[in-house]
Amino acid sequence: MSDSLSDALAALEAEVRAACAAARDDNELRQTAARYLGVSGTLTRLLKRIPELPGPERKPFGQRVNAAKVAAEACVAQAHARLRAEARERELARPAADVTLPGRRRKVGRRHPIQRVLEEVVDTFVGLGFDVAEGPEAELSVNNFDRLGFPADHPAMDMHDSFFVADLDAAARVLLRTHTSTVQVREMLSHPPPVRVVAPGAVYRRDDDVTHSPMFFQLEGLLVDEGVTLSQLRGVLEAFLGRLLGEGVKTRFRASYFPFVEPGAELDVGCLLCRGEDASCRVCKGTGWLEILGCGMVDPVVFSNVGYDPERYTGFAFGMGIDRLAMLRYRVPDIRLLYENDPRFLASV
Ligand code: DAH
């Protein structure tokens, strides 16, 4: 074998050694190995050329190239071991986990206070024999107002008070329902009497302050049959409030006006906070009473509007603000806290 060929192979070996030593990771090392030892690597190609040489040169050349190949493979294996050791070194240098630290407790979520009160109220009425009904939040204006006996010029029908979705002709006008009384209409239009339902859900009004939110929750009640009386309304509501707020809670009816009931009333409960004994109480404003709901005997006009015989049937209806009850129950001073989703507030109630 010529001296120049021998020198070239020695140079090649040095090149392989340097490349292996320079490899910084497995990927680079793999590329280096492929460059010299792969199917078309430099050393592989040299070995393939042995048959082209004149007979006597084949053996020494073959032996020399083979030795270079074995040396290259050793270099690669060595570099591989070096990389593994380096990785292990880095791993050990990382700060160790302190297994004596206290664990991080996962916070357990819970239902929103409005949802909790809503479910409790619904459960109470279900216990009294009511079914649960639902209606859409985007509702026909006729179901929200006209069929409930609102006169055409009632102020609640102003753009100023309600969110109208589409201003089509009068019959097809759609708005976000301003109360759950719409479900009364839907129930009576779709079922013959007797009817005994409560309807919980979201309602919308153009209101926004400490005690009013543009979206809030109500629960409506409706009971229709032959011979239903005002005293039954009172009995049902007192049974409900007794179960929700504790037996012996004081109640009073106050005459009031709603277009769809006659007579109409508001029901107050004795202040849960001061029990009527603190003239400066902020919850009842010193009156000793809290407004809880509106109610009354279904107006015969409403029966006519939904196709019930007003001569044969009587009924009562009631509607209450769930947010109001939640604020009382959890002593929440500002309704907006219920809708801001601040975890500090939600964890406190
Ligand atoms: N819908 C009324 C409101 O949102 C509440 C109400 C009052 C509902 C009297 C009733 C009722 O069913 O009889 O202010």
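Cut-offs used in this document
Residues numbered from 1 in each chain as written. Predicted model: local features only at pLDDT ≥ 70, side-chain atom pairs only at ≥ 80, totals over all residues. Heavy atoms only, no water. Helix = DSSP H or I, 4+ residues; strand = E, 2+ residues; numbered from the N terminus. Buried < 20%, exposed > 50% of the residue type's maximum accessible area, 1.4 Å probe, protein only. Expected span 1.5 Å × (residues − 1). Contact = heavy atoms within 4.5 Å. 1 Å grid on protein atoms, 1.4 Å probe; cavity = no way out; pocket = protein on both sides within 12 Å on 5 of 7 lines; lining within 4 Å. Points joined across faces, edges and corners; volume = space filled by probe spheres on them. Nonpolar A, V, L, I, M, F, W, Y, C, P; charged D, E, K, R; others polar.

### Description of the environment of Val99
Next, step 1: Within the element layout of this structure, Val99 appears in the loop between helix H4 (55–93) and helix H5 (113–127).
Next, step 2: Overall, Val99 belongs to the exposed group, its relative accessible area being 76%.

### Side note on H4
Next, step 1: Look at H4: 58 Å from first C-alpha to last across 39 residues, which is about the 57 Å you get at 1.5 Å a residue.
Next, step 2: Within the span of H4, buried status applies to Phe61, Gly62, Arg64, Val65, Ala68, Ala72, Cys75, Val76, Ala79 and Leu83.
Next, step 3: Tucked inside the fold, the buried residues of H4 contact helix H1 (3–22), helix H2 (26–37) and helix H3 (42–48).

### A closer look at empty space enclosed by the protein
Next, step 1: Tallied over the full model, the rule gives two cavities of 30 Å³ or more.
Next, step 2: Approximately 50 Å³ is the volume attributed to the largest cavity.
Next, step 3: Lining the largest cavity, in full, are Val117, Leu244, Leu245, Leu272, Leu325, Leu328 and Arg329.
Next, step 4: Among the elements of the structure, helix H8 (230–245) and helix H10 (322–330) are those that each provide at least two residues to the lining of the largest cavity.
Next, step 5: Broken down by element, the residue count for the lining of the largest cavity peaks at three residues, all from H10.
Next, step 6: A class-by-class count of the residues in the lining of the largest cavity yields six nonpolar, no polar and one charged.
Next, step 7: In this model, the second largest cavity occupies a volume close to 40 Å³.
Next, step 8: Mapped by element, the contributors of at least two residues to the lining of the second largest cavity are H1 and H4.
Next, step 9: No other element matches H1, which puts four residues into the lining of the second largest cavity.
Next, step 10: Tallied by class, the residues present in the lining of the second largest cavity amount to six nonpolar, no polar and one charged.

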